[in-house]
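Observations on chain architecture
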Amino acid sequence: MSRKAVRVLAGVYFTAMAIALTWPGMLPAARIRPFVLGLPFGFFWGGAWIAVSVGVLYVVDRVERRYRDGSTR
Amino acid sequence: MERWIVITLIIAAYLAVTLVIGLMAGRKATHSVAGYVAGDRSFGLLVMYFVTGATVFSSFAFLGGPGWAYSRGAASFYILAYGVLGMAPFYWVGPRIAEVGRRLGHVTQAQLITGRFPSRGLSALIALMSLIAFVPYVTIQIRGAGIVIEAVTDGHIPLWLGALVAYGIVIVYVLVSGVMAVGWTNTFQGIFMVAIAWILGIYLPYRLYGGVGPMFEQIAAARPELLVPPGLDAAGAPWSWGSYSTYILVSAVGLMMWPHLFMKAYTARDDDTLRRTVILFPTFQLFLIPVFLIGFAGVMFPATPPDPDSILPFMILRTQLPAFVVGLFCAGALSASMSTGDALLHASASVVVEDGILQFVSLDDRVQRMLMRVLVLLTGAAAYVLALNPGASLVQLLATAYGIVSQLAPPVLAALYWRRATTAGVVAGLLSGWATAGFFWHYPALKPFGMHEGILGLLVQVPVLVLVSLSTRRQDPAHLAGFFEEAGEARP
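Below is a summary of the structure that appears in this document.

Conventions and cut-offs
- Here the residue numbering is sequential within each chain, running from 1 through the sequence in written order.
- Key to labels: chains lettered from A, ligands numbered from 1, both in the order written.
- Local features in this predicted model are restricted to residues of pLDDT 70 or higher, and side-chain atom pairs are both shown and tallied only at a pLDDT of 80 or more, whereas totals for entire chains, interfaces and linings draw on every residue.
- In computing side-chain values, all of the structure's heavy atoms are included and hydrogens and water are not.
- Secondary structure follows DSSP: runs of H or I at least 4 residues long count as helices, runs of E at least 2 residues long count as strands, and numbering of each begins at the N terminus.
- What the globule rule says is 2.2 Å times the number of residues to the power 0.38, and the radius of gyration is computed from C-alpha atoms.
- Note on classification: 1.4 Å probe, protein chains only; a residue is buried when its accessible area is under 20% of the maximum for its type, exposed when over 50%, partly exposed between these limits.
- Note on contacts: a residue pair qualifies if any of its non-hydrogen atoms lie within 4.5 Å across the two residues.
- Note on areas: these come from Shrake-Rupley sampling with a 1.4 Å probe, and a residue is covered only by the protein chains present in the view.
- Asp and Glu count as negative and Lys and Arg as positive, but His and the ends of the chain are not part of the count.
- A charged residue contributes its charge at one atom only: NZ of Lys, CZ of Arg, CG of Asp or CD of Glu.
- Joining two parts hides part of their accessible area as seen by a 1.4 Å probe, and the buried area is that hidden amount summed over both.
- Distance and chemistry together define a polar contact, namely a pair of N or O atoms within 3.5 Å, with one atom able to donate a hydrogen and the other to accept it when in protein, and with adjacent residues in sequence counting only for side-chain atoms on both sides.
- The classification used treats Ala, Val, Leu, Ile, Met, Phe, Trp, Tyr, Cys and Pro as nonpolar, Asp, Glu, Lys and Arg as charged, and all other residues, Gly among them, as polar.
- To qualify as a nonpolar core, a set must consist of buried Ala, Val, Leu, Ile, Met, Phe, Trp, Tyr and Cys residues joined through side-chain atoms within 4.5 Å.
- Note on definitions: salt bridges are taken to be side-chain nitrogens of Lys or Arg within 4 Å of carboxyl oxygens of Asp or Glu.
- Helix span, expected: 1.5 Å multiplied by one less than the number of residues in the helix.
- Each patch is built from residues that are more than 30% exposed by relative accessible area and take part in no salt bridge. Like charges join if they lie within 9 Å; nonpolar side chains (Val, Leu, Ile, Met, Phe, Trp, Tyr) join within 5 Å.
- A pair of Phe, Tyr and Trp rings is counted when the ring centres sit within 6.5 Å of each other, with Trp represented by its six-membered ring. The angle between the planes then sorts it: under 30 degrees is stacked, over 60 is edge-to-face, the rest tilted.
- Ring-over charges, as used throughout, are those where CZ of Arg or NZ of Lys falls within 6 Å of the ring centre and within 35 degrees of the ring normal.

Focus on the overall build of chain A
Scanning chain A for helices and strands turns up two helices and zero strands. For chain A, the C-alpha radius of gyration of 16 Å lies well beyond 11 Å, the compact-globule estimate for 73 residues. Along the first, second and third principal axes, the C-alpha set of chain A runs to 50 × 25 × 15 Å. Classification of the 73 residues of chain A by burial places 45% in the buried group. Taking all contacts inside chain A whose residues are at least 6 apart in sequence as the whole, residues at least 24 apart take part in 62%.

And the structure:
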């Protein structure tokens, strides 16, 4: 993945996250059932976006790091 | 031995360890302003991770979080939503701030802004507004510490005394060791609060309901309105989506604009450390999940606490836990309070001296450090007096302060990324943003859709900043070259 692609990915993911956790993106998740991992759906929804962001940021860092190591030092 | 004495001894041991770590830490720093404020830019990944996490999550999260989950249900999810959104852009912005800071010798946020937009008045204004936002924030922390100690010792140690001892210790180590003490004590406190939150967050639902799922089944049957976002408002009526959404947005924008967090960019050893801190931050953030579980565990609890913010200590005391566990909980809550309070006190003193006073008089390094110490003492004393008066909910106080700090985001971004921005534009923008936020804070009934006053301020500020900048004279190219030199990303 190129540096540009990974920045677009991050931009898209965090924009989607901002929409998914506020009005109107959160409306479909504003419910109690189904329970996931014992949590009501709205609660799980919030936690899941954070958990996935760990993975997204990890990918971002791998690509950015490769780019920095290769071209600037 | 009586129960409260055992608890008090554990708290005393915790406070003693904190004090020793804080005092030891300072011996490694140089006796300079850069050493006192930015730790000689020496923090490694472990310290940065816990400093950032422990500083972000305070009494607000540890006591206010369960308080909201308990009384307002799903409304508390807003606290879960904004942290990562606010932190992620720092992966790119943070190293850039640090690079400009190393080159031009910045240790505060206002120095970055006025390094690009030279104005003594602007610098002093930012220092003043930061201080206004800081005092209620410190007050929350001190009050949180006092509440916990009073509750778990059955009132044998009253709020005023508990808060005085805990913050007396904070002030001693901040005075002696500066930011190095904040760093190393926060590492210790961060580990502590995360561990306690996860243990109690899993343990309490099991002990009281037989599990997390069964707990929510019971709440869904008895009080379903609590579990549907956006939850309830302070009066118990359904909260508005406009309010819920803008609370998230203003907190995301404002999070890294808090001077005490922003200044962490100057303490990292190198850019990689800073970036990895951002990458790992969401793992720290997940500790809010058990924190909310603790609050939800209180919903079906037979007795009612005196006020929602004390649900955590209230329940802990009534679940027949061993005194040892109660003592540890208390230490966790104190960690949350003190790890933010120390950073706030330290940053407010640094900001007032560097950005306020030094703009108008020149002082040597030694006098500056002394003045900062005097200010740590004064701010702490002012917040302590305020903390003794019962006030609004912990979360509510902090949400209001976010309206002030979030207005600093456009000037910071303009300084780093928009060459056409001018000093007049930034000053006009900031003044209009603060005026708008202040107006709607004072007349909440006028807010459209119940939107947070900070977002309304930003909606006014951004166009004002852009229009005034475009209609005033472009900045001197030589000045821009000096500021941006090597500041851009290295190009292939």
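And the narrative resumes.
Concerning the overall build of chain B
For chain B, the helix and strand inventory stands at 23 helices and zero strands. Taking 23 Å as the expected radius of gyration for a compact globule of 492 residues, we find that chain B reaches 22 Å, a close match to that expectation. If you line up chain B on its principal axes, its C-alpha atoms span 70 × 50 × 45 Å. The buried share among the 492 residues of chain B stands at 63%. The long-range fraction of contacts in chain B, counting pairs at least 24 apart against all pairs at least 6 apart in sequence, stands at 85%. Only carbon and sulfur atoms are counted for the fraction: they give 69% of the accessible area of chain B, which is about 16,900 Å². Across chain B, the mean location of the 27 positive side-chain charges is 5 Å away from that of the 23 negative side-chain charges.

Some thoughts on the interface of chain A and chain B
Taken together, the contact pairs 37 residues of chain A with 37 residues of chain B. In total, chain A and chain B occlude about 3,200 Å² of area from one another, counting both sides; carbon and sulfur atoms represent 75% of this. On the chain A side of the interface with chain B, the three residues burying the most area are Phe43, Ile50 and Leu57 of chain A, jointly 20% of the side's total. Remark: the boundary between chain A and chain B carries six residue pairs in polar contact (both at pLDDT 80 or more). At 16 residues, helix α2 (residues 41–71) of chain A tops the list of elements feeding residues into the side of chain A that touches chain B. Broken down by class, the residue content of the side of chain A that touches chain B amounts to 22 nonpolar, seven polar and eight charged.

Considering the nonpolar core
Formed by 189 residues in total, the largest nonpolar core has its most connected members in Tyr78 and Phe296 of chain B. Apart from the residues within four sequence positions on either side, Phe296 of chain B is in contact with Phe43 of chain A together with Ala69, Gly73, Ala74, Phe77, Tyr209, Met215, Phe216, Ile219 and Leu227 of chain B. Phe440, Met451, Leu456 and Leu458 of chain B belong to the second-largest nonpolar core, a separate cluster that totals six residues.

Let's talk about the side chain of Thr246 of chain B
Along the chain, the position of Thr246 of chain B falls in helix α12 (residues 241–255). Sequence-distant contacts of Thr246 of chain B, that is, excluding residues within four places in its chain, are made with Gly450, Met451, His452 and Ile455 of chain B.

Description of the pattern of salt bridges
Should their charged atoms come close, side chains of opposite charge can pair. Taken as a whole and judged by the stated rule, the model has twelve salt bridges over all chains. Arg102 of chain B serves as the salt-bridge partner of Asp271 of chain B, at 3.3 Å between the closest nitrogen and oxygen. Residue Asp271 of chain B is located in helix α14 (residues 271–285), and its partner Arg102 of chain B is located in helix α6 (residues 90–104); the two are separated by 169 residues in the primary sequence. The class for Asp271 of chain B is buried, based on a relative accessible area of 17%. Given the relative accessible area of 42%, Arg102 of chain B is considered partly exposed. With its nearest N and O atoms 3.9 Å apart, the salt bridge here joins Asp272 of chain B to Arg276 of chain B. Residue Asp272 of chain B and its partner Arg276 of chain B are both found in helix α14; the two are separated by four residues, about one turn of the helix. Connected through shared salt-bridge partners, Asp61, Arg65 and Arg68 of chain A together with Asp272, Arg275 and Arg276 of chain B make up one network.

Considerations on helix α3 (residues 45–56) of chain B
Residues and elements named next belong to chain B. Look at α3: 16 Å from first C-alpha to last across twelve residues, which is about the 16 Å you get at 1.5 Å a residue. In terms of residue burial, α3 counts as a mostly covered element, since ten of its twelve residues are buried. Turning to α3, its buried residues are Val47, Met48, Tyr49, Phe50, Val51, Thr52, Gly53, Ala54, Thr55 and Val56.

Quick notes on the environment of Asp233 of chain B
All names here are of chain B. Along the chain, Asp233 falls in the loop between α11 (212–222) and α12. The sequence separation of Asp233 and Pro313 amounts to 80 residues, and the corresponding C-alpha distance is 23 Å. Contacts of Asp233, omitting those with residues within four sequence positions, involve Arg72, Pro238 and Trp239.

Re a nonpolar patch on the surface
Residues and elements named next belong to chain B. A cluster of nonpolar side chains, Trp160, Leu161, Leu164, Val165 and Leu388, forms an exposed patch at the surface whose accessible area comes to about 420 Å². Following the sequence through the fold, Trp160 ends up in helix α9 (residues 159–177). Using a relative accessible area of 46% as the deciding quantity, one classes Trp160 as partly exposed.

Thoughts on the packing of aromatic side chains
Residues and elements named next belong to chain B. One pass over the structure, following the stated rule, counts 39 aromatic pairs over all chains. For the ring pair Phe439 and Phe440, a centre distance of 5.2 Å and an interplane angle of 85° mean the geometry is edge-to-face. By relative accessible area, which is 16% here, Phe440 ends up buried. The ring of Trp68 carries the charged tip of Arg72 above its face, separated from the ring centre by 3.9 Å. The ring of Phe484 has Arg419 sitting right over it, with the charged end atom 4.1 Å from the ring centre.

Digging into the environment of Gly42 of chain A
Note that Gly42 of chain A resides in helix α2. Spatially, the C-alpha atom of Gly42 of chain A lies 27 Å from that of Val59 of chain A, the residues being 17 residues apart in sequence. With residues up to four places along the chain from it excluded, the contact list for Gly42 of chain A reads Met26, Ala29 and Arg31 of chain A together with Phe77 and Pro229 of chain B.

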